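# Residue-level structural notes
Listed below, chain by chain, are the residues.
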Amino acid sequence: MLLLPTDIYISSGVLTVVLTILALIVLPASFTSTLFTPKLLLHLKPVPGWTNRLINLLSLTTLTIVIFLLFIGFTGTHDPLRNLLPLSVWTVFWIALVSLHGVLGNVWRYINPWCGIAGQWCGKFALPDSAGCWPGLVCFLLFSSFTLADTAPEDPFRLATVVTGYLLFTLICCYLFGTNAWLARGECFSMVMQRMAAISPLGLFQGHVAAGFCGWKGLYPSTHLITVSGAVFTLALLAIGSFDGLNETFWWLQLIGINPLEFPGRSAVIFETVAGLLISALLLIICFVFCVWTGSLAANRIAGTRVSLLTASTELSIAILPIALAYHIAHYLTAFMVNIQYTVAALTDPLQNGRDLLGLGRFYVTTGFFNTQSSVRTIWLTQAASVVVGHVISILLAHRIALRLWPQPRAATVSQAPMAAFMVLYTLLGLWLLAAPRGA
Amino acid sequence: MSDKKQPAVKFNRRMVLKSMAAGAGGVAAAGLLPGLGGYSQVHSAEPIKIGFQVHRTGIGAAYGRWYDRTTQACVQKINDAGGINGRMIEIVAEDDGTDPKRGAEVVEKFASQHNCDVSFGTLFSHVVYGSAPRAGELKMPYFVVSEGHHVASGALNRYTLQPGITDVKSQVEAMAPFISENLGKKVTMIFPDFAFGHDHRDYFSAAFEAKGGTILEKIAIPPTETSFTKYFPKIPRDT
């Protein structure tokens, strides 16, 4: 990225975020309230039997596809860019499907591979309230460690083993604790999807299909999202998303004493990576709570209210979701552009026996768009735009949530001052990450 | 497991070396065609299994992409032409993640899981260093394309071979006389301040000075540096 004037781009991005904050001070309080009011589009008449049948069918279809992919993973080629399993898991599922949830809403709820079999399971034991979303957080930390620190997360056989294990583990937990409870608080991917879907402009509201400004659904969160553990999960999602990017920079490699021009491989930094992702999650939580604490102290004094730190932090944690989604899109955009081509190539010949099911003919994966300045500029600006737009939405959403906590506009605005500084710095971090030299 | 198919004849190091010595231009860019001679007497329909240790992920992925592309093109050309002595080539690709530990695992898989005859494909020296001992223990001919001096210097083992590519020492020693005869006698070296750059610094300056040249300045650039421009003013005027 040395060829691009990224310092100018970064300044412009940060300036956009600053201007959004200033605009919110000037604009009337009703602005964000109106902005985040959804429009009801289509009245839905639920037909319980059919709805369940449709969900079962979708879920069982997913399960069949997953079993087929696992078969390919266990028996197919060992090349991770030709085997359909790693391409489906990392490119289609983790990059594309998670990002799409920010547009389409919570599709995963209907197409996950478990609800077809386990949809009606009520569980042998109740998952205690005190367990909160902690089981899901543990699963997510394990998943992140596997993604970022394992030496071969893309190895088809290894991945097939892990996916099979996770599928069965989830099924057992659904049996033990009930499917709805486990998918909402223990199954980390459902939890990620649910959070990303909160940013989607589309959703169900008061028995209608509704559409509104991105993030409106964040104002009506499920109760477990605004518990302490739910908020910690949300913040960890952003922190680990940011660390997955930071861990490749020269800055990080220097910090852990690695020559960035001579990266020794993942096996040499397993401990550092796992420690890094835990520390970044912890640091982000501390910074976030500190901002909310100082903001709410000031707001409570102005408004004469007693909004607790717990309420303010958990409710406001929803507001960082647009940034998490934006980072996800920006960070994985380039990997997606290349690997989706490998996915198409693998789809046309899933069993690697020379078939051409999609009729592609001679198909070569191209990475030519990384070689010309104009295409690199377009890619970089798309990533940067994603980061900036994510922050702008976050600021607007945070302001709206603050208005709900402190209806007095001045108090709400003051409560957001530390958070605004945090957002500006986080924009800077995000854009710097995109431009920073990478050695791993 | 007892009925596991074994190739009719396994390659060994001597056969590979013999066939290479026999020349015939058989060693393609990535060392794909060993073993021609050793098989001329054997009639088998078994494919020749070649383990391709490829940098699919990690810092070497961009190289791996092209190594894979040329490998596939090469194999297709050979197989379309009827293979080698009637035996098709089968590439077994495994991602080493550009990681030495994973590299050793992959070499082991080639030998014990895939029954490969030979293996090849590694560029990054740290992966070669990590994998070569295992290749030696398993007596698996292991062709690498790293440019460090380690293979040529004998630092690894007899099973690790470096075909069709030279190492840094040979490159800079070959270049030094050309520079002293055609470009000038006073040279300033700018090099990255770690092993790769140090090889250039040490071998080039020795070879250049032996040819009567002078190294005016050796400017080491820290590996964390992202811009070289601020080092240019340090180049002595009479370079």
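Predicted model only: the values in this text are computed from it and were never measured.

### With respect to the pairing of strand β6 (residues 186–192) of chain B
As judged from the seven bridges shared by β6 of chain B and strand β7 (residues 214–221) of chain B, these two strands associate in the parallel manner. Pairing of Met189 of chain B across the sheet is with Lys218 of chain B, part of β7 of chain B.

### Some words on the sheet that holds strand β4 (residues 142–144) of chain B
Residue and element names in this part refer to chain B. Taken in spatial order, the five strands line up as β2-β1-β3-β4-β5 in an open sheet, and their pairing is parallel. In the strand order of this sheet, the two ends are held by β2 (89–95) and β5 (160–161), each with one partner. Pairing of strand β1 (residues 48–54) with strand β3 (residues 118–122) involves three bridges; the strand directions are parallel. From the neighbouring strand, Ile50 faces β3, where its bridge partner is Val118. In this fold helix α4 (residues 100–112) packs onto β1, β2, β3 and β4, with an angle of close to 150° to the strand it touches most, β2. Contacts from helix α5 (residues 125–137) reach β1, β3, β4 and β5, with the element oriented near 165° to β4.

### Details of the interface of chain B and chain A
Listed as interface residues are 27 residues of chain B and, on the opposing side, 31 residues of chain A. Here chain B and chain A share an interface that buries about 2,300 Å² over both sides, 53% of which is from carbon and sulfur atoms. Considering only the side of chain B, the residues that lose the most area to chain A are Arg56, Arg65 and Thr224 of chain B, jointly responsible for 23% of the buried surface there. For the interface between chain B and chain A, the tally reads four salt bridges. One salt bridge connects Lys109 of chain B with Asp155 of chain A, and the closest N-O pair in it is separated by 3.7 Å. At the junction of chain B with chain A, the criterion picks out nine residue pairs in polar contact (both at pLDDT 80 or more). Mapped onto the side of chain B that touches chain A, the elements with two or more residues apiece are α3 (61–80), β2 and α4 of chain B. No other element matches the five residues that α4 of chain B contributes to the side of chain B that touches chain A. Looking at side-chain class alone, the side of chain B that touches chain A contains seven nonpolar, eight polar and twelve charged residues.

### Regarding the sheet that holds strand β3 (residues 208–211) of chain A
Residue and element names in this part refer to chain A. Strand order in the open sheet formed by three strands is β1-β3-β2, with antiparallel pairing between adjacent strands. On the outer flanks of this sheet lie β1 (39–43) and β2 (202–205), each paired with one strand and no other. Neighbouring strand axes in the sheet, compared pairwise and without regard to direction, differ in orientation by 35° on average. The sheet contact formed by β1 and β3 spans four bridges and is antiparallel. Residue Lys39 lies in a different strand from β3, and its bridge partner there is Ala211.

### Structural notes on the environment of His328 of chain A
Residue and element names in this part refer to chain A. By the element assignment, His328 lies in helix α15 (residues 321–348). Taking the C-alpha atoms as reference points, His328 and Val92, separated by 236 residues in sequence, lie 13 Å from one another. When residues no more than four places from it in sequence are discounted, the contact partners of His328 are Trp94, Ile95, Val98, Ser99 and Met196.

### A closer look at the packing of aromatic side chains
All names here are of chain A. Overall, the coordinates contain 30 aromatic pairs over all chains when judged by the stated rule. Ring geometry for Trp108 and Trp114: centres 6.3 Å apart, planes at 80°, overall edge-to-face. Looking at Trp108, the relative accessible area reads 6%, which means it is buried. A cation sits over an aromatic face here: Arg53 above Trp50, 5.0 Å from the ring centre.

### Comments concerning the pairing of β3 of chain A
Residues of β3 of chain A alternate between two faces, with His208 and Ala210 of chain A buried on one and Val209 and Ala211 of chain A left unburied on the opposite face. Taken together, β2 of chain A and the strand that follows it, β3 of chain A, pair antiparallel across an intervening segment of two residues, in which Gln206 of chain A is found at a positive phi of about 50°.

### Here we look at the packing of helix α6 (residues 168–182) of chain B against helix α7 (residues 195–210) of chain B
All names here are of chain B. Where α6 meets α7, the closest approach of the two axes is 8 Å, and the angle between their N-to-C directions is 40°. Classified by the angle their axes make, α6 and α7 are oblique. Considering only the axes of α6 and α7, their crossing is right-handed. Together, Val168, Lys169, Val172, Glu173, Met175, Ala176, Ile179 and Ser180 of α6 and Phe196, Asp199, His200, Tyr203, Phe204, Ala207 and Phe208 of α7 make up the contact between the two elements. Looking at the contact of α6 with α7, its residues break down into ten nonpolar, two polar and three charged.

### Overview of the side chain of Thr98 of chain B
Looking at the secondary structure, you find Thr98 of chain B in the loop between β2 and α4. Contact partners of Thr98 of chain B, with chain neighbours within four places excluded, come to Gly265 of chain A together with His55, Thr57, Gly58, Ile59, Gly60, Ala61, Phe124, His126 and Val127 of chain B.

### A look at the nonpolar core
In this structure, Trp94 and Phe140 of chain A are the most contacted members of the largest nonpolar core, which totals 128 residues. Examining the composition of this core, we find that 15 residues originate from one element, helix α16 (residues 373–405) of chain A, more than from any other. Sequence-distant contacts of Trp94 of chain A, defined by excluding residues within four places in its chain, comprise Val89, Phe140, Phe143, Phe189, Val192, His328 and Tyr332 of chain A. One finds Val75, Ile89, Ala93 and Phe143 of chain B within the second-largest nonpolar core, a separate group that totals 15 residues.

The rules we used
- Residues numbered from 1 in each chain as written.
- Chains lettered and ligands numbered in written order.
- Predicted model: local features only at pLDDT ≥ 70, side-chain atom pairs only at ≥ 80, totals over all residues.
- Heavy atoms only, no water.
- Pairing = 2+ DSSP bridges.
- Helix = DSSP H or I, 4+ residues; strand = E, 2+ residues; numbered from the N terminus.
- Contact = heavy atoms within 4.5 Å.
- Axes fitted to C-alpha atoms, helices over the stretch in contact; angles between N-to-C directions.
- Buried area = accessible area lost by both parts, 1.4 Å probe.
- Salt bridge = Lys/Arg side-chain N within 4 Å of Asp/Glu carboxyl O.
- Polar contact = N/O pair within 3.5 Å; in protein donor to acceptor, adjacent residues only side chain to side chain.
- Nonpolar A, V, L, I, M, F, W, Y, C, P; charged D, E, K, R; others polar.
- Phe/Tyr/Trp six-rings, centres within 6.5 Å; stacked < 30°, edge-to-face > 60°.
- Buried < 20%, exposed > 50% of the residue type's maximum accessible area, 1.4 Å probe, protein only.
- Lys NZ or Arg CZ within 6 Å of the ring centre and 35° of its normal.
- Parallel < 35°, antiparallel > 145°, perpendicular 65-115°, else oblique.
- Left-handed = near helix turned anticlockwise from the far one by under 90°.
- Core = buried A, V, L, I, M, F, W, Y, C linked by side-chain atoms within 4.5 Å.

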